[in-house]
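Chain and residue survey
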Amino acid sequence: MSQQFAFTSSAIDDLIMNGEEVKITFKGGREYTYKATNPSMFATALQGEITDPEGSVGRFVNSAIRSEDLVTVW
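Below or above, wherever it landed, is the structure these notes cover.

Conventions and cut-offs
Residues numbered from 1 in each chain as written. Predicted model: local features only at pLDDT ≥ 70, side-chain atom pairs only at ≥ 80, totals over all residues. Heavy atoms only, no water. Helix = DSSP H or I, 4+ residues; strand = E, 2+ residues; numbered from the N terminus. Rg over C-alpha atoms; globule rule 2.2 N^0.38 Å. Buried < 20%, exposed > 50% of the residue type's maximum accessible area, 1.4 Å probe, protein only. Contact = heavy atoms within 4.5 Å. Areas by Shrake-Rupley, 256 points an atom, 1.4 Å probe, with all protein chains shown as cover. Lys, Arg positive; Asp, Glu negative; His and termini not counted. Charge placed at Lys NZ, Arg CZ, Asp CG, Glu CD. Axes fitted to C-alpha atoms, helices over the stretch in contact; angles between N-to-C directions. Parallel < 35°, antiparallel > 145°, perpendicular 65-115°, else oblique. Left-handed = near helix turned anticlockwise from the far one by under 90°. Nonpolar A, V, L, I, M, F, W, Y, C, P; charged D, E, K, R; others polar. Polar contact = N/O pair within 3.5 Å; in protein donor to acceptor, adjacent residues only side chain to side chain. Pairing = 2+ DSSP bridges.

Turning our eyes to something else, we now look at the overall build of the protein chain. On a plain count of helices and strands, the protein chain comes out with two helices and five strands. The linear arrangement of helices and strands in the protein chain, starting from the amino end, is β-β-β-β-α-α-β. For a compact globule of 74 residues, the expected C-alpha radius of gyration is about 11 Å, and the protein chain comes in at 11 Å, within 12% of that figure. In terms of principal-axis extent, the alpha carbons of the protein chain reach across some 30 × 25 × 25 Å. Going through the 74 residues of the protein chain one by one, you find that 30% of them count as buried. Taking all contacts inside the protein chain whose residues are at least 6 apart in sequence as the whole, residues at least 24 apart take part in 35%. Of the accessible surface of the protein chain, which amounts to about 4,700 Å², a share of 48% is contributed by carbon and sulfur atoms. In the protein chain, which carries 6 positive and 10 negative side-chain charges, the distance between the mean positions of the two groups comes to 5 Å.

Here it is in structure tokens:
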């Protein structure tokens, strides 16, 4: 089941989850595909970041990549 998130970000245009696959389109058009190591936890945490007035989706995604909650699919 594909899930698209509605948010405003200065770094990310679009983020779509389909199971464990996460497709992110960054500003400027670069698109990357990642695998979420725990998809339900990632989706819940992302939704929390989106609803947090102080939240930053770009920072959240960057942190998830660094902590390997999101891993690059080659």
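What follows is about the packing of helix 1 (residues 39-51) against helix 2 (residues 57-66). The packing of two helices is summarised by the inter-axis angle and the distance between the axes. The N-to-C vectors of helix 1 and helix 2 enclose an angle of 150°; their axes lie 9 Å apart at closest approach. As far as their axial angle goes, helix 2 and helix 1 are roughly antiparallel. In this structure, helix 1 meets helix 2 at a crossing whose hand is right-handed. Packed against helix 1, whose contacting residues are Phe42, Ala45, Leu46, Glu49 and Ile50, the element helix 2 presents Val57, Arg59, Phe60 and Ala64 at the interface. Taken together, the residues that form the contact of helix 1 with helix 2 break down as seven nonpolar, no polar and two charged.

Note on placement: Thr25 falls in strand 3 (residues 21-26). On the accessibility criterion, Thr25 (18% relative accessible area) is buried. One polar contact links Thr25 to Glu31, side chain to side chain, over a distance of 3.4 Å. Leave out the neighbours within four places in its chain, and Thr25 touches Ile12, Asp13, Asp14, Arg30 and Glu31.

Another point: the sheet that holds strand 1 (residues 2-4). Reading across the sheet, the five strands line up as 1-2-3-4-5 and stay open at both edges, with antiparallel pairing between neighbours. Every other strand in the sheet has two partners, leaving strand 1 and strand 5 (70-72) as the edge strands with one partner each. Ignoring which end each strand starts from, the neighbouring axes of this sheet average 30° apart. The pairing of strand 3 with strand 4 (residues 31-36) spans five bridges and is antiparallel. Paired with Ile24 across the strands is Tyr32, a residue of strand 4. The strands that helix 2 touches are strand 2 (12-18), strand 3, strand 4 and strand 5; relative to strand 2, the one it contacts most, it runs at about 55°.

Keep in mind that these numbers describe shape and distance, not what the molecule does.
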